[in-house]
Amino acid sequence: MDDVTIYHNPGCGTSRNTLGLIRNAGIEPRVIEYLQTPPDRTTLVSLIAAMGTPVREVVRTKEALYSELGLADADDAALIDAMLAHPALINRPIVVTALGTKLCRPSEAVLDILPQPQRGAFNKEDGEAVVDAAGNRIV
């Protein structure tokens, strides 16, 4: 199955690089621009559970709203409420494939869950080589 979904922010370089790696595998994913179409509570909670990460790791702690809302000591329920009210607090990109769900930071983390291999070289926007011409991950 090549069914891949990316919760994407086109203004984020990491998100753009992740989308580029998905497409470099010959996959056209379902792209959800979560700032325009935020997930509902059930979806957000399901994504976090599928990633198997603490809720706090899915929150953008560097976002100004994080400090403004005093979320440093917030519990999981309050963090989820804040992400639902302010989607900019959701860390990105989140990618869902048949092989797993992952917060893809750094962008090459997506390679662990893509159902298809890379089809050629890929460099990040900053020029960093991630995949060689043969489609192999550069470590």
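Structure: above.
Given the structure is predicted, the values throughout are model-derived calculations rather than measurements.

### Concerning the side chain of Thr5
Okay, so step 1: Looking at the element boundaries, Thr5 is found in strand 1 (residues 5-8).
Okay, so step 2: We classify Thr5 as buried; its relative accessible area is 9%.
Okay, so step 3: Contacts of Thr5, omitting those with residues within four sequence positions, involve Arg30, Ile32, Ile94, Val95 and Val96.

### Here we look at the sheet that holds strand 3 (residues 94-97)
Okay, so step 1: Spatial ordering of the open sheet is given by 2-1-3-4, a layout of four strands whose pairing is mixed. In this open sheet, the two edge strands, each paired with only one partner strand, are strand 2 (30-33) and strand 4 (100-103). Geometrically, the sheet is characterised by an average inter-axis angle of 15 degrees between neighbouring strands, direction not taken into account.
Okay, so step 2: On top of the sheet, helix 1 (residues 13-24) reaches strand 1, strand 2 and strand 3; it is set at about 160 degrees to strand 1, its chief contact.
Okay, so step 3: Lying on the sheet, helix 2 (residues 41-51) is in contact with strand 1, strand 3 and strand 4; it crosses strand 4 at an angle near 95 degrees.

### A short note on the environment of Pro117
Okay, so step 1: Within the secondary structure, Pro117 sits in the loop between strand 4 and strand 5 (122-123).
Okay, so step 2: Sequence separation between Pro117 and Asn24 is 93 residues, and the spatial gap between their C-alpha atoms is 8.5 Å.
Okay, so step 3: Excluding anything up to four places from it in sequence, Pro117 contacts Asn24 and Ala25.

### Side note on helix 1
Okay, so step 1: Taking 1.5 Å of rise per residue, the 12 residues of helix 1 would be expected to cover 16 Å, and the 16 Å separating its terminal C-alpha atoms lies within 8% of that figure.
Okay, so step 2: Taken together, the buried positions of helix 1 are Ser15, Asn17, Thr18, Leu19, Gly20, Leu21, Ile22 and Asn24.
Okay, so step 3: After helix 1 finishes, the residue Gly26 shows a positive phi value of roughly 80 degrees.

### Some thoughts on the side chain of Arg60
Okay, so step 1: Of note, Arg60 is situated in the loop between helix 2 and helix 3 (64-68).
Okay, so step 2: Beyond its immediate stretch of four places on either side in the chain, Arg60 contacts Tyr66, Ala88, Leu89, Ile90, Asn91 and Arg92.

### A word on the nonpolar core
Okay, so step 1: Ranked by internal contacts, the top residues of the largest apolar core, which has 21 residues, are Ile48, Val58, Leu71, Met83, Ile90 and Ile94.
Okay, so step 2: Elements represented by at least two residues in this core include exactly helix 2 and helix 4 (76-85).
Okay, so step 3: When near neighbours in sequence (up to four residues on either side) are disregarded, Ile90 contacts Tyr34, Pro39, Leu44, Val58, Arg60 and Met83.
Okay, so step 4: If you look at the next biggest cluster of nonpolar residues, it comprises 17 residues, including Ile22, Ile27, Val95 and Val131.

### Side note on the pattern of salt bridges
Two side chains that carry opposite charge are able to pair once their charged atoms sit near each other.
Okay, so step 1: Applying the stated criterion across every chain, the model contains eight salt bridges.
Okay, so step 2: Arg16 is the partner of Glu125 in a salt bridge, and the nearest nitrogen-oxygen pair spans 2.6 Å. Of this pair, Glu125 sits in the loop between strand 5 and strand 6 (129-131) while Arg16 sits in helix 1; the two residues are 109 residues apart in sequence, bridging distant segments of the chain.
Okay, so step 3: Here Glu125 falls in the partly exposed class, since its relative accessible area comes to 48%.
Okay, so step 4: A relative accessible area of 33% places Arg16 in the partly exposed class.
Okay, so step 5: For the salt bridge of Asp112 with Lys102, the shortest nitrogen-to-oxygen distance reads 3.5 Å. In this pair, Asp112 is assigned in the loop between strand 4 and strand 5 and Lys102 in strand 4, connecting sequence segments 10 residues apart.
Okay, so step 6: Here the salt bridges share partners, and the residues they tie into one network are Lys102, Asp112 and Arg137.

Rules used throughout
Residues numbered from 1 in each chain as written. Predicted model: local features only at pLDDT ≥ 70, side-chain atom pairs only at ≥ 80, totals over all residues. Heavy atoms only, no water. Helix = DSSP H or I, 4+ residues; strand = E, 2+ residues; numbered from the N terminus. Buried < 20%, exposed > 50% of the residue type's maximum accessible area, 1.4 Å probe, protein only. Contact = heavy atoms within 4.5 Å. Pairing = 2+ DSSP bridges. Axes fitted to C-alpha atoms, helices over the stretch in contact; angles between N-to-C directions. Expected span 1.5 Å × (residues − 1). Core = buried A, V, L, I, M, F, W, Y, C linked by side-chain atoms within 4.5 Å. Salt bridge = Lys/Arg side-chain N within 4 Å of Asp/Glu carboxyl O.

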